[in-house]
Amino acid sequence: METFEDHYASMVDTITRCMPGANLELIDRAVHYADAKHEYQKRKDGSPYIIHPLAVAEIVAEMGLDTDAVLGAILHDCIEDTDASHDDIATIFSPTVAELVEGVTKLTRTDFTSQEEKQMENLRKMFMAMSKDIRVVLIKIADRLHNMRTMQYQTPKKQIIKCRETMDIYAPLAHRLGMQKMKWELEDLALRYLDPAGYAELTDHLSAQKDQDENFMNSIQFTIKEKLSENGIHNTTYGRIKHIYSIYRKMKAQNKTLDELYDIYAFRVIVDSEIDCYNVLGHIHTIFTPIPGRFKDYISSPKPNMYKSLHTTVIGKQGIPFEVQIRTWEMHETAEYGIAAHWKYKQKAGAGSEKEFEWVRRLLEGQQDTDAEDYLESLKIDMFNDQVFVFTPKGKVVGLPAGAIPIDFAYMIHSGVGNAMVGAKVNNRIVNIDTKLRNGDIVEILTSKSARGPSRDWLTICKSNQARTKIKQWFKKEKREENIVHGKASFEAEMKRLNLPVSVISDPNYSSQLLEKLAYAAWDDLYAAIGYGGMTAAKAVGKIQEDIKKLLKGPTVPDPDRINPGLRINPDSEEVRRNRHAINGVIVEDIDSCMIKFSKCCAPVPGDDIIGFITRGYGVSVHRSDCPNTLTRTDPRQAARWVHCSWANSDEQPFDTTLELECADRDGLVMDVSTALFAAKVRMKGFNAAEMPDGRSVITISFEVRNVAELNKIRSKLLSIPNVIAAKRGQY
Ligand code: MN
């Protein structure tokens, strides 16, 4: 079994080697702090938990990061797994270390697995965006590397999940940050579990030819070194087999066996200067035959992750092709450790070497134009500061512009979701719809069939153009509804003027025939056209006037008025008035058709005494008669705009309303209220509890009811809960 002592000694050894300026005393304190905190935890193999953080810290030290990063690595599981808090760590160590640990914890808590290929890039961006400090990413990658090294202790199912995630997220990130060494190890370890047979076949094959390979590599190495020494070029040269996953991928991609594969061997020549790189290239091409088209100059045009080297593929006397990579020591560090090499150089060369690392800045392109040195000092990752990444409840990643709110999210999912939105939950809690979303939030949109659609305010509070466009579209379409109402009213008025029965329009015997004559697909289309002004009511009625008369006189279609005049419904009777004029369940006196909206201040429901106010441009807004906002009734300047309203009989449409409970605070009160609501099958739309300084609390509940009777039932149920003092019809 692995022991604390072995790991501790090995870590200190690596720190001494790779981080000459490290504060070992502080690191020792962190180890003992973490060890005490993880005291009762064991690794899956039965060894003490502290071995894991020690190993992670060693990987971080090998990257050559700083003391803070090593402390962060040692403490990285403390917030997640023990009772240690951010504040504890900030006090005992430093706020920076606490931030690092907190950052790693956030990544640990977020699930980065996805089934969908197209989600990967967003997940990787989210990963980066969540870690404000690049060291958080590096510690997390080190954490994953050690977990991958000890993957044999996990269940087969967990192995597959973790290895997929490693392939999809961690290895590509390591690659993007230029850390080839870690990327290769992560990939090889993951392959071992993702395709055990393929991995075994390949490694068996490689180990079978190991002696042969080594002889070959030694002879090539000797030839190169000899030639370079003759020419006075100081160098370090060695050969290696390319890493397993890269060979595996090539075999799969080119459908070849190992023997058929080009260059599985790679040689490295590391020299002191860039000029020497080109000199070495010249010598290599004189002793071996270069394969045309295989030379790549990544020194004059580095890779996006700032990898620099000269690559060439040549054939030696044995007829075996191999690749030679030529680079300086600095290029080598960058190739192996990528972004982490920044710290190595900082420690070796002190300040001033930063210019060399302009590539870090370029790597993280997209961030605002900050001074490169400032940027490197703070080492913040701002590359995705214009975006925020959140999850749907099913785990799908959605990328939104920074500052986005649930409305943006809803419209990103589907315009139908946005239009039916009545509220939102973030991380399972109901929030205001203008709450700013943060990376990793799980966002759920609450919708209702009876939602009245977006409000114009949404246009100003939402962040994405997509949401704005869709909301505007809704209003455009909604105008159509308005136009239909207006058009229908003028059409019916014209029918009445000419003494034609309006009922003929909805009579299935005549309807389609008349519509055909008018050349419209549906009556609503005609009404909309009249509403828009694209057609006049007089013209429309004129077109069908004769037909209606003929139809009503025809022998097969008797005029109901003539057969039994007594049964004729008086168009002005109460019944017709109700059916014709009820809009959203409300009849507005003296107004044929208009937009109806329910005022948010008092949220009337059927059964309430109501009164309407003719607004400018938005139809009639309906208030409860006892609403304080109706007091302007008595103002002579406003009086004419108040109209009588009553409820139609329809109980079908639910109405939103709000109750404010005034309560004497006690434990479990909120729970009891929500249980009562749940038991009463109340269709909830919002729930908010606020504690008042005087020991009282106010619980505001918004929900749907069909009428005032139902509302009163709910109200008395709530009032029967102990400590609920009052239940007022509330303000929205
Ligand atoms: Mn860990």
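Further up the page is the structure itself.
Here's a quick rundown of the structure.

Rules used throughout
Residues numbered from 1 in each chain as written. Predicted model: local features only at pLDDT ≥ 70, side-chain atom pairs only at ≥ 80, totals over all residues. Heavy atoms only, no water. Donors = N, O, S within 2.8 Å, 3.2 Å for Na, K, Ca; no water. Helix = DSSP H or I, 4+ residues; strand = E, 2+ residues; numbered from the N terminus. Buried < 20%, exposed > 50% of the residue type's maximum accessible area, 1.4 Å probe, protein only. Axes fitted to C-alpha atoms, helices over the stretch in contact; angles between N-to-C directions. Parallel < 35°, antiparallel > 145°, perpendicular 65-115°, else oblique. Left-handed = near helix turned anticlockwise from the far one by under 90°. Contact = heavy atoms within 4.5 Å. Nonpolar A, V, L, I, M, F, W, Y, C, P; charged D, E, K, R; others polar. Expected span 1.5 Å × (residues − 1). Bend = angle between axes of the 7 residues up to and from the residue. Pairing = 2+ DSSP bridges. Disulfide = S-S within 2.5 Å. Polar contact = N/O pair within 3.5 Å; in protein donor to acceptor, adjacent residues only side chain to side chain. Phe/Tyr/Trp six-rings, centres within 6.5 Å; stacked < 30°, edge-to-face > 60°. Salt bridge = Lys/Arg side-chain N within 4 Å of Asp/Glu carboxyl O. Core = buried A, V, L, I, M, F, W, Y, C linked by side-chain atoms within 4.5 Å.

The subject of this paragraph is the coordination of the manganese ion. Bound to the manganese ion are the protein donor atoms His-52 (NE2), His-76 (NE2), Asp-77 (OD) and Asp-143 (OD), situated 2.2 to 2.5 Å from the metal. All donor residues of the manganese ion come from one chain, and their arrangement in sequence is H-x23-H-D-x65-D. With His-52 in helix α3 (residues 51-63) and Asp-77 in the loop between α4 (67-74) and α5 (78-81), the pair connects residues that are 25 residues apart, well separated along the chain. In this pair, the class of His-52 matches that of Asp-77, namely buried.

We now examine the packing of α4 against helix α7 (residues 95-109). The description of two packed helices rests on the angle between their axes and on the distance between the axes. One way to put it is that α4 packs onto α7 with a least axis distance of 9 Å and a crossing angle of 50°. The orientation of α4 relative to α7 falls into the category oblique. Here α4 and α7 pass one another in a crossing that is right-handed. Between α4, through Asp-68, Ala-69, Leu-71 and Gly-72, and α7, the contact on the second element is made entirely by Thr-96, Val-97, Leu-100 and Val-101. Considering only residue class, the contact of α4 with α7 consists of five nonpolar, two polar and one charged.

With that out of the way, let us pick up the side chain of Ser-309. Looking at the element boundaries, Ser-309 is found in the loop between β4 (296-297) and β5 (310-315). For Ser-309, the residues in contact, after removing those within four places along its chain, are Lys-296, Asp-297, Tyr-298, Ile-299, Ile-326, Arg-327 and Met-331.

The end-to-end C-alpha distance of helix α27 (residues 537-553), which contains 17 residues, comes to 23 Å, matching closely the 24 Å that a straight helix rising 1.5 Å per residue would cover. The largest bend along α27 reaches roughly 40° and is located at Ile-544. Looking at α27, one finds that the buried residues are Ala-537, Ala-540, Val-541, Ile-544, Gln-545, Ile-548, Leu-551 and Leu-552.

All right, on to the sheet that holds strand β11 (residues 443-447) then. Reading across the sheet, the three strands line up as β10-β9-β11 and stay open at both edges, with antiparallel pairing between neighbours. Two strands lie at the open edges of the sheet, namely β10 (429-431) and β11, each paired on one side alone. Pairwise comparison of adjacent strand axes, ignoring direction, gives a mean angle of 40° for this sheet. Bridging between strand β9 (residues 421-426) and β11 involves five bridges; their strand directions are antiparallel.

In this section: the environment of Asp-609. Mapped onto the elements, Asp-609 comes out in the loop between β13 (596-598) and β14 (610-614). C-alpha separation for the pair Asp-609 and Cys-645, spaced 36 residues apart in sequence, amounts to 8.5 Å.

For the rest of this paragraph, the subject is the packing of helix α9 (residues 134-149) against helix α10 (residues 156-176). Relative to each other, α9 and α10 sit at 140°, their axes nearing to 11 Å. Classed by the angle they form, the pair α9 and α10 counts as oblique. The element α9 and its partner α10 pack so that their crossing is left-handed. For the pair formed by α9 and α10, the contact residues are Lys-140, Ile-141, Arg-144 and Met-148 on the first element and Lys-162, Cys-163, Glu-165, Thr-166, Tyr-170, Leu-173 and Ala-174 on the second. Of the residues contributing to the contact of α9 with α10, the split by class is six nonpolar, one polar and four charged.

This part is about the state of the cysteines. All chains considered together, the criterion is met by zero disulfides. There is no disulfide at Cys-602, and the cysteine sulfur nearest it, in Cys-627, is 3.8 Å away.

For the rest of this paragraph, the subject is the side chain of Thr-237. Mapping Thr-237 onto the fold places it in strand β1 (residues 235-241). There is a polar contact of 2.7 Å between the side chain of Thr-237 and the side chain of Asn-235. Setting aside anything within four residues of it in sequence, one finds Thr-237 in contact with Gln-221, Ile-224, Lys-225, Leu-228, Arg-268 and Val-269.

It is worth spelling out the sheet that holds β14 at this point. Overall, mixed pairing links the five strands, which are arranged β12-β16-β14-β15-β13 in an open sheet. Either end of the sheet is taken by a strand with one partner, and the two such strands are β12 (586-588) and β13. On average, each strand axis in the sheet is inclined to that of its neighbour by 35°, with strand direction left out of account. Judged from the five bridges that link them, β14 and strand β15 (residues 620-624) form a sheet pairing that is antiparallel. Across the sheet, the residue bridging to Phe-613 is Ser-621, located in β15.

Going through the model one piece at a time under the given rule, you end up with 12 aromatic pairs. With a centroid separation of 5.9 Å and 70° between ring planes, the pair formed by Phe-216 and Phe-322 is classed as edge-to-face. Residue Phe-216 is located in helix α13 (residues 210-230), and its partner Phe-322 is located in strand β6 (residues 321-328); the two are separated by 106 residues in the primary sequence. Both residues of the pair, Phe-216 and Phe-322, count as buried. Ring geometry for Phe-267 against Phe-322: centres 5.0 Å apart, planes inclined by 70°, an arrangement best described as edge-to-face. Residue Phe-267 is found in strand β2 (residues 265-271), and its partner Phe-322 is found in strand β6; the two are separated by 55 residues along the sequence. An aromatic cluster is built from Phe-216, Tyr-265, Phe-267, Phe-288 and Phe-322, whose rings are joined through pairwise contacts.

To continue, consider the pattern of salt bridges. When charged atoms on two side chains of opposite charge get close, those side chains can pair. Under the definition given, this model contains 23 salt bridges. Salt-bridge contacts for Asp-608 lead to Arg-729; the nearest nitrogen and oxygen are separated by 2.7 Å. Taken together, the residues span a long stretch of sequence, with Asp-608 in the loop between β13 and β14 and Arg-729 in strand β20 (residues 724-729) at a distance of 121 residues. Three or more residues joined by partner-sharing salt bridges are found here, namely Asp-656, Arg-683, Lys-685, Glu-704 and Glu-710.

Next up on the list: the nonpolar core. The biggest cluster of nonpolar side chains holds 112 residues, and the ones touching the most others in it are Met-63, Leu-75 and Ile-89. No other element matches α9, which puts nine residues into this core.

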